[in-house]
Amino acid sequence: MINEATIQFVREHREEDVRSLALQARRDDGIDLPWALYQIQGWQTARRKLPAWAVIDGIVYPPHLSMEQCSSQQTAIYKCGIVERLPQACREMLIDLTGGFGVDFAFMAKCARQATYVERQEHLCETARHNFGLLGLNHARIIHGDAESILSDLRTNPAITVIYLDPARRDSNSSRTYAIADCTPNVLELKDQLFKAADHILLKLSPMLDWHKAVSDLGSRVAEIHIVSTGNECKELLMLLSAEHEGEPTIYCVNDDQSLIYTPSQDVLPPQIADDDKAAYLYEPNASVMKAGCFGLLTDRFPVKALATDSHLFVSSEEIKEFPGRRFAIDAITTMNKKELAHALKGITRANIATRNFPMTAQQLRQRLRLQDGGDCYIFGTTTAMDQRLLYLCKKA
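The structure displayed is predicted, hence computed values, not measured ones.

Enquirer: Explain helix 6 (residues 73-84) residue by residue, including any values.
Expert: Taking 1.5 Å of rise per residue, the 12 residues of helix 6 would be expected to cover 16 Å, and the 16 Å separating its terminal C-alpha atoms lies within 8% of that figure. The buried fraction of helix 6 is high, at 9 of 12 residues. Buried residues of helix 6: Gln-73, Thr-75, Ala-76, Tyr-78, Lys-79, Cys-80, Gly-81, Ile-82 and Val-83, and no others.

Enquirer: Describe the layout of surface pockets, with residues and values.
Expert: By volume, the second largest pocket is sized at about 480 Å³. What lines the second largest pocket is a set of 18 residues, among which Ile-7, Trp-35, Gly-58, Ile-59 and Val-60 lie closest to the centre. Of all the secondary structure elements, the ones that give two or more residues to the lining of the second largest pocket are helix 1 (4-13), helix 3 (33-49) and helix 8 (122-134). The residue makeup of the lining of the second largest pocket, split by class, is 11 nonpolar, 4 polar and 3 charged.

Enquirer: Give a detailed account of the pattern of salt bridges, specifying residues and quantitative values.
Expert: Here the structure, examined in full by the defined rule, presents 20 salt bridges. Between Asp-217 and Lys-213 there is a salt bridge, and its shortest N-O distance comes to 2.8 Å. Residue Asp-217 and its partner Lys-213 are both found in helix 11 (residues 211-218); the two are separated by 4 residues, about one turn of the helix. Between Arg-366 and Asp-373 there is a salt bridge, with its nearest N and O atoms 3.2 Å apart. Taking the relative accessible area as the measure of exposure, Arg-366 reaches 12% and is therefore buried.

Enquirer: Please provide a residue-by-residue account of the side chain of Ser-316, values included.
Expert: Tracing the sequence through the fold places Ser-316 in strand 12 (residues 314-316). According to the relative accessible area criterion, Ser-316 is buried, its value standing at 5%. A polar contact is formed between the side chain of Ser-316 and the side chain of Tyr-283, at a distance of 2.7 Å. Among the polar contacts listed, one links the side chain of Ser-316 to the backbone oxygen of Glu-318, at a separation of 2.5 Å. Ignoring sequence-local partners within four residues, the contact set of Ser-316 consists of Ala-279, Ala-280, Tyr-281, Tyr-283, Pro-303 and Val-304.

Enquirer: Explain the packing of aromatic side chains to me, using residue names and the numbers behind them.
Expert: One pass over the full model with this rule turns up 10 aromatic pairs. Their ring planes at 40° and their centres at 4.9 Å tell us that Tyr-283 and Phe-323 sit as a pair that is tilted. With Tyr-283 in strand 10 (residues 281-285) and Phe-323 in the loop between strand 12 and strand 13 (325-334), the pair connects residues that are 40 residues apart, well separated along the chain. For the pair Tyr-283 and Phe-323, a shared accessibility class is recorded, and that class is buried. An aromatic cluster of three or more residues is present, and its members are Tyr-283, Phe-302, Phe-314 and Phe-323.

Enquirer: Can you tell me about the packing of helix 1 against helix 3, naming the residues and giving the values?
Expert: Orientation of helix 1 relative to helix 3, taken along the N-to-C sense of each, is 40°, at an axis distance of 9 Å. Taken as a pair, helix 1 and helix 3 cross one another with a handedness that is right-handed. Each of Thr-6, Phe-9, Val-10 and His-13 in helix 1 lies in contact with helix 3, whose residues at this interface are Leu-33, Trp-35, Ala-36, Gln-39 and Ile-40. Here the contact of helix 1 with helix 3 is built from residues that sort into 6 nonpolar, 3 polar and no charged.

Enquirer: How would you sum up the sheet that holds strand 2 (residues 114-119)? Please name residues and give values.
Expert: Paired through their backbone hydrogen bonds, the strands of a sheet run either parallel or antiparallel. Within the open sheet, the 9 strands sit side by side as 3-2-1-4-5-7-6-8-9. Their pairing is mixed. Both edges of this open sheet fall to strand 3 (140-144) and strand 9 (258-262), since each of them pairs with a single strand only. Adjacent strand axes in the sheet meet at a mean angle of 15° when their direction is disregarded. Of the pairings in the sheet, the one linking strand 5 (residues 200-205) to strand 7 (residues 233-242) comprises 6 bridges and is antiparallel in character. By the bridge assignment for strand 7, Ile-201 is matched with Leu-241. On the sheet, helix 11 packs against strand 5, strand 6 (222-230), strand 7, strand 8 (250-255) and strand 9 and is oriented at approximately 20° with respect to strand 7.

Enquirer: Mind laying out the pairing of strand 6, listing which residues take part and the relevant values?
Expert: Here strand 6 lies mainly inside the structure; 9 of its 9 residues are buried. Relative to strand 7, strand 6 runs antiparallel, the two sharing 8 bridges. Along strand 7, the bridge assignment pairs His-226 with Leu-238. The sheet contact formed by strand 6 and strand 8 spans 6 bridges and is parallel. Looking at strand 8, one finds that Ile-225 is bridged to Ile-251.

Enquirer: I'd like to hear about the pairing of strand 3, residue by residue, with values.
Expert: In the sheet, strand 2 pairs with strand 3 via 5 bridges, with the strands oriented parallel. Note that in strand 3 the partner of Glu-119 across the bridge is His-144. Remark: the strand 2/helix 8/strand 3 crossover connection has right-handed handedness.

Parameters at a glance
- Residues numbered from 1 in each chain as written.
- Predicted model: local features only at pLDDT ≥ 70, side-chain atom pairs only at ≥ 80, totals over all residues.
- Heavy atoms only, no water.
- Helix = DSSP H or I, 4+ residues; strand = E, 2+ residues; numbered from the N terminus.
- Expected span 1.5 Å × (residues − 1).
- Buried < 20%, exposed > 50% of the residue type's maximum accessible area, 1.4 Å probe, protein only.
- 1 Å grid on protein atoms, 1.4 Å probe; cavity = no way out; pocket = protein on both sides within 12 Å on 5 of 7 lines; lining within 4 Å.
- Points joined across faces, edges and corners; volume = space filled by probe spheres on them.
- Nonpolar A, V, L, I, M, F, W, Y, C, P; charged D, E, K, R; others polar.
- Salt bridge = Lys/Arg side-chain N within 4 Å of Asp/Glu carboxyl O.
- Polar contact = N/O pair within 3.5 Å; in protein donor to acceptor, adjacent residues only side chain to side chain.
- Contact = heavy atoms within 4.5 Å.
- Phe/Tyr/Trp six-rings, centres within 6.5 Å; stacked < 30°, edge-to-face > 60°.
- Axes fitted to C-alpha atoms, helices over the stretch in contact; angles between N-to-C directions.
- Left-handed = near helix turned anticlockwise from the far one by under 90°.
- Pairing = 2+ DSSP bridges.
- Right-handed = clockwise from strand over helix to strand, strands pointing away.

Right, dumping it as structure tokens:
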């Protein structure tokens, strides 16, 4: 039980710097200072990552690592959408076998008539029990235990329809791991048991993992692959496995309000290459599309062409607003010739610089051009299919 003085301390100081508070706060006022600092730091993270929770008075936050590892509100809502699209009969009972702080569970539980949270760390179970009450999850059942031992009991419950797992991606030395077999629990070892317990398995995997390798490891029951980015940063790789699925999966590349949906058989040809210099617009695929590597599909789906097979930049004569990525209007195209550069860069003192398939890094190119960072000019250094080193000077479209 936390005393009222500690709770009041958190309310009064939650906008302040945690490090300064740790040095300045008095420790003789009956305040549980370590707990208070966890709550202040957790609330500050939640304000950015979980705004719907941050406005609820009384939510208890776990230590820093659990807060950093938990899903954001945006990605948790996305997972809820995956579950919600399943037929009603397939979301009778949801079980999260790796509950953690409970963010994913709390959002997905809204889609299921019954929902069970399983977590091997007792303090997180206690936190979840407290928070789920405040979140109105009165149908949530909380079990303290690990996935492996709980699975044998689950197989006797015919009502289970969806199992969610977010395997821990750290080894016994707290080093990061990415391969499915190196995570805890090892889903590859549990796959058969999981399908004896439920028809649908939703996995959250490392965004660093190659989705081709994941599908190869998990087999033909992978029905959907979701590569989820927010703010053009790849955050999650989600796999939906279904007991009755056979054949190729559907791939969803999602970045905020942009989405590209396809199957592997639709992306078999290399990208079409630009064959002239009349481009007016340049496109940079978003992080999810880059992760998927479906560059040939882009030139099939949209009237754009690639500057080169390995440059992963695309151009068009007309603006394509539906392109899944950033769009730029091209102001000038120049070689690295000093006279051409001087003319193209006249009046430009700062720029946002990126390089793709180019013999210099962005920082090296910035130094070469003697430009400061920022501003509304964007410069892409790249190599074309004709082996030309070109700079594309652009503004956001």
